[in-house]
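# Overview (structure and organization)
The primary structure of each chain is shown beneath.
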Amino acid sequence: AVQLFPKDFYLPFLRSESPFAHITLLAGAAGRACFVLSMAWGTVFFASAAAEEGGLCMRVPLFWASWGFVLWTLSMFSGEMWAYLGWGTPVVWHDPAILLMMVVWFVYIALLHLHFSRAWGLRSRAAFAALGGIFALVLSLLADFGPFRPPW
């Protein structure tokens, strides 16, 4: 793989004997799936004419966003424990996957705060769920596809 992506950042291989390695992988994949479902339902609500507060279309994307946030948080913290056991440090700041994972986490914190504070209207929150899902999907997969390095 180094020959195909010579400028990519590779860390030494961690042992996957730890249960944290498996929790990180499974919770991260499930969190991504929840974010995609939230994005799809947010798009459905944004494109529909329904505007009532208790409508099914708005409860569903926020349900999936909430579960995605919980699973993503579990994935982040189990990944930190796995990294601590393998490298002796919970965060390697030069790893783009970790930084992008934190950005996705903050996007969903913002979505949940917007929902619970009711600072924006329903259509705005649905648009944020739809665009936030696309943003989260792109950022969470970007580091997995190869030659992405931060400029520093």
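Summary of the structure given here. (Residues numbered from 1 in each chain as written. Predicted model: local features only at pLDDT ≥ 70, side-chain atom pairs only at ≥ 80, totals over all residues. Heavy atoms only, no water.)

## Considering the packing of helix 3 (residues 96–117) against helix 4 (residues 122–142)
In the contact formed by helix 3 and helix 4, the axes pass within 9 Å of each other and the chain directions differ by 170°. What the angle tells us is that helix 3 and helix 4 run roughly antiparallel. Where helix 3 abuts helix 4, its residues L100, V103, V104, V107, Y108, A110, L111, L114 and H115 lie against R125, F128, A129, G132, G133, F135, A136, L139, S140 and L142. Looking at the contact of helix 3 with helix 4, its residues break down into 14 nonpolar, four polar and one charged. (Axes fitted to C-alpha atoms, helices over the stretch in contact; angles between N-to-C directions. Helix = DSSP H or I, 4+ residues; strand = E, 2+ residues; numbered from the N terminus. Parallel < 35°, antiparallel > 145°, perpendicular 65-115°, else oblique. Contact = heavy atoms within 4.5 Å. Nonpolar A, V, L, I, M, F, W, Y, C, P; charged D, E, K, R; others polar.)

## Regarding a nonpolar patch on the surface
A grouping of L37, W41 and V44 is seen on the molecular surface, where their side chains present a nonpolar patch of about 230 Å² in accessible area. Taking the relative accessible area as the measure of exposure, L37 reaches 34% and is therefore partly exposed. (Patch = residues over 30% accessible without salt bridge, like charges linked within 9 Å, V, L, I, M, F, W, Y side chains within 5 Å. Areas by Shrake-Rupley, 256 points an atom, 1.4 Å probe, with all protein chains shown as cover. Salt bridge = Lys/Arg side-chain N within 4 Å of Asp/Glu carboxyl O. Buried < 20%, exposed > 50% of the residue type's maximum accessible area, 1.4 Å probe, protein only.)

## Points about the nonpolar core
Counting residues in hydrophobic clusters, the biggest one holds 24 residues, and the most contacted among them are F35, M58, W72, M76, V104, Y108 and L111. Of all the elements in the fold, those that place two or more residues in this core are helix 1 (19–47), helix 2 (56–87), helix 3 and helix 4. A total of 10 residues in this core trace back to one element, the largest contributor, which is helix 3. Once residues within four sequence positions are removed from consideration, M76 is found in contact with M101, M102 and W105. (Core = buried A, V, L, I, M, F, W, Y, C linked by side-chain atoms within 4.5 Å.)

## What to know about helix 1
Given a rise of 1.5 Å per residue, 29 residues ought to cover 42 Å, and the 42 Å separating the end C-alpha atoms of helix 1 matches this to within 8%. Every buried residue of helix 1 is listed here: A21, T24, A27, G28, G31, C34, F35, S38, M39, G42 and F45. (Expected span 1.5 Å × (residues − 1).)

## So, the packing of aromatic side chains
A complete count under the given rule lists five aromatic pairs for this structure. Pairing F35 with W72 gives two aromatic rings, centres 5.5 Å apart and planes at 55°, and the pair type is tilted. Note that F35 is positioned in helix 1 and W72 in helix 2, a separation of 37 residues in sequence. Relative to F106, the ring of W105 lies with its centre 5.4 Å away and its plane at 70°, an arrangement referred to as edge-to-face. For W105, a relative accessible area of 19% corresponds to the buried category. Residue F106 is classed as exposed on the basis of its relative accessible area of 52%. An aromatic cluster is present here, built from F35, W72 and Y108 joined pairwise through their rings. (Phe/Tyr/Trp six-rings, centres within 6.5 Å; stacked < 30°, edge-to-face > 60°.)

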